[in-house]
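Residue-level listing of the chains:
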Amino acid sequence: NAGVMQNPRHLVRRRGQEARLRCSPMKGHSHVYWYRQLPEEGLKFMVYLQKENIIDESGMPKERFSAEFPKEGPSILRIQQVVRGDSAAYFCASSGLVSETQYFGPGTRLLVL
Amino acid sequence: GQQVMQIPQYQHVQEGEDFTTYCNSSTTLSNIQWYKQRPGGHPVFLIQLVKSGEVKKQKRLTFQFGEAKKNSSLHITATQTTDVGTYFCAGEMTGANSKLTFGKGITLSVRP
């Protein structure tokens, strides 16, 4: 029973490039959440999606960041024109029902040079 | 907006000592969850508390939800080196659509 999967685990980008982070939720889960964690900081909520719908994107920066969770395939967090301040660990979590426990993936560590 | 606070951010204890940390919300919560993150790892769910005044135990860990459902505590009895990590509380606001608000966490180190 595979857990939440994220890839890549580590991603290095130069300023101005695009970063694509993928998340496959736990089997049977249709709710996906993305969080960002800066070094020695807590988890900051970014966006909550269900299949094909963005439910809450109140934590997403207004520019350069977008997320999707298509009918088929993983959820994607896309960061365009990355800047050094985007360097962080990005965690994805999934849940089965709207108020159930969230299970976290291993995260993608993004480093922007 | 809703805030979930965990103070302090770091605590150091001697192995064998007890440890207690608190989590406070600015608003009433429908439930509160606790997670543990080991260095370099990802958050792992520990427990969820739903009822006012609820107490749950997991071996040496005791979790409590306040009567007003605005605060919670985590108590570890006789800490061990395996307890090191960052403990996050996360609150779900009453009426919200399950968005969890995480505290900044408390990082526990244990001296052997």
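Computed from a predicted model, the values in this text were never measured in an experiment.

Visitor: Where do I start with the interface of chain A and chain B in this structure?
Guide: Many descriptions give the size of an interface as the accessible area lost when the pieces come together. On the chain B side, the residues contacting the 22 residues of chain A number 20 residues. The junction of chain A with chain B conceals about 1,600 Å² of combined surface from both sides, 50% of it contributed by carbon and sulfur atoms. The largest share of the area that chain A buries against chain B comes from Leu43, Thr101 and Phe104 of chain A, three residues that together contribute 27% of it. Summed over the shared surface of chain A and chain B, the result is zero salt bridges. Linking chain A with chain B are four residue pairs in polar contact (both at pLDDT 80 or more), by the criterion used here. Looking at the side of chain A that touches chain B, the elements that each hand over two or more residues are β4 (31-37), β5 (43-50) and β6 (53-56) of chain A. For the side of chain A that touches chain B, the residue count by class is ten nonpolar, seven polar and five charged.

Visitor: Could you clarify how one ought to interpret the state of the cysteines in this entry?
Guide: What we call a disulfide is simply a covalent bond connecting the sulfur atoms of a pair of cysteines. Using the criterion set out here, one finds two disulfides over all chains in the structure. Note that cysteine 23 of chain A is cross-linked by a disulfide to cysteine 92 of chain A, the S-S spacing being 1.7 Å. Note on the cysteine 23 of chain A and cysteine 92 of chain A pair: the S-S dihedral is about -40°, so by sign convention the disulfide is left-handed. Of this pair, cysteine 23 of chain A sits in strand β3 (residues 19-24) while cysteine 92 of chain A sits in strand β9 (residues 88-95), placing them 69 residues apart in sequence. Accessibility classification places cysteine 23 of chain A together with cysteine 92 of chain A in one group, the buried group. In this model cysteine 23 of chain B forms its disulfide with cysteine 89 of chain B; the gap between the sulfur atoms is 1.9 Å. Across the S-S bond linking cysteine 23 of chain B and cysteine 89 of chain B, the dihedral sits near 75°, which makes this disulfide right-handed. Of this pair, cysteine 23 of chain B sits in strand β3 (residues 19-25) while cysteine 89 of chain B sits in strand β9 (residues 85-93), and the two are 66 residues apart along the sequence. The same class applies to cysteine 23 of chain B as to cysteine 89 of chain B, namely buried.

Visitor: How should I be thinking about the side chain of aspartate 86 of chain A in this particular structure?
Guide: Considering the arrangement of structural elements, one finds aspartate 86 of chain A in the loop between β8 (75-79) and β9. Excluding its chain neighbours within four sequence positions, the residues that come into contact with aspartate 86 of chain A are Arg36, Arg64, Phe65, Ile79, Leu110 and Val112 of chain A.

Visitor: Is there a simple way to think about a nonpolar patch on the surface in this case?
Guide: Together, Val12, Leu111 and Leu113 of chain A make up a nonpolar patch on the protein surface, roughly 250 Å² of accessible area in all. Turning to its location among the elements, leucine 111 of chain A is positioned in strand β11 (residues 108-112).

Visitor: Which parts of the structure should I look at to understand the nonpolar core?
Guide: Most often, soluble globular proteins have nonpolar side chains that are buried together. Within the largest apolar cluster, 23 residues are counted, with the highest numbers of intra-cluster contacts made by Trp34, Met46, Leu77 and Tyr90 of chain A. If you list the elements that add at least two residues to this core, you get β3, β4, β5, β7 (65-68), β8, β9 and β11 of chain A. Ignoring anything within four residues of it in the chain, the contact list for methionine 46 of chain A reads Trp34, Tyr35, Arg36, Asp56, Glu57, Ser58, Gly59, Met60, Pro61, Phe65, Leu77 and Tyr90 of chain A. By size, the runner-up hydrophobic cluster in this structure holds 20 residues, among which are Phe19, Cys23, Ile106 and Leu108 of chain B.

The rules behind these values
- Position labels on residues start from 1 in each chain and follow its written sequence.
- In the order they appear in the text, chains get letters beginning with A and ligands get numbers beginning with 1.
- Local features in this predicted model are restricted to residues whose pLDDT is 70 or higher, and side-chain atom pairs enter the listing and the counts only when it is 80 or higher, whereas totals over whole chains, interfaces and linings include all residues.
- As a rule here, side-chain values come from all non-hydrogen atoms in the structure, and water together with hydrogens is ignored.
- In what follows, a contact means two residues having at least one pair of non-hydrogen atoms within 4.5 Å.
- For any pair of parts, buried area is found by adding up, for both, the accessible area (1.4 Å probe) each one loses once the two are put together.
- By salt bridge we mean one thing: a side-chain nitrogen of Lys or Arg within 4 Å of a carboxyl oxygen of Asp or Glu.
- Each polar contact in these results corresponds to two N or O atoms within 3.5 Å; when the atoms are within protein, one needs to be able to donate a hydrogen and the other to accept it, and residues that are neighboring in sequence are counted only if both atoms are side-chain atoms.
- Put simply, DSSP marks the helices as runs of H or I at least four residues long and the strands as runs of E at least two long, and each gets a number from the N terminus on.
- Three classes are used: nonpolar for Ala, Val, Leu, Ile, Met, Phe, Trp, Tyr, Cys and Pro, charged for Asp, Glu, Lys and Arg, and polar for all others, with Gly counted as polar.
- Any cysteine sulfur atom paired with another within 2.5 Å is treated as part of a disulfide.
- Only protein chains enter the accessibility calculation, which uses a 1.4 Å probe; a residue is then buried when its area is under 20% of its type maximum, exposed when over 50%, and partly exposed in between.
- Exposure above 30% relative accessible area and the absence of a salt bridge qualify a residue for a patch, where like charges join within 9 Å and nonpolar side chains (Val, Leu, Ile, Met, Phe, Trp, Tyr) within 5 Å.
- Here the open area of atoms and residues is found with the Shrake-Rupley method and a 1.4 Å probe, where only the protein chains shown may cover a residue.
- Residues belong to a common nonpolar core when they are buried Ala, Val, Leu, Ile, Met, Phe, Trp, Tyr or Cys residues joined through side-chain atoms within 4.5 Å.

So yeah, pure geometry; function would need other evidence.
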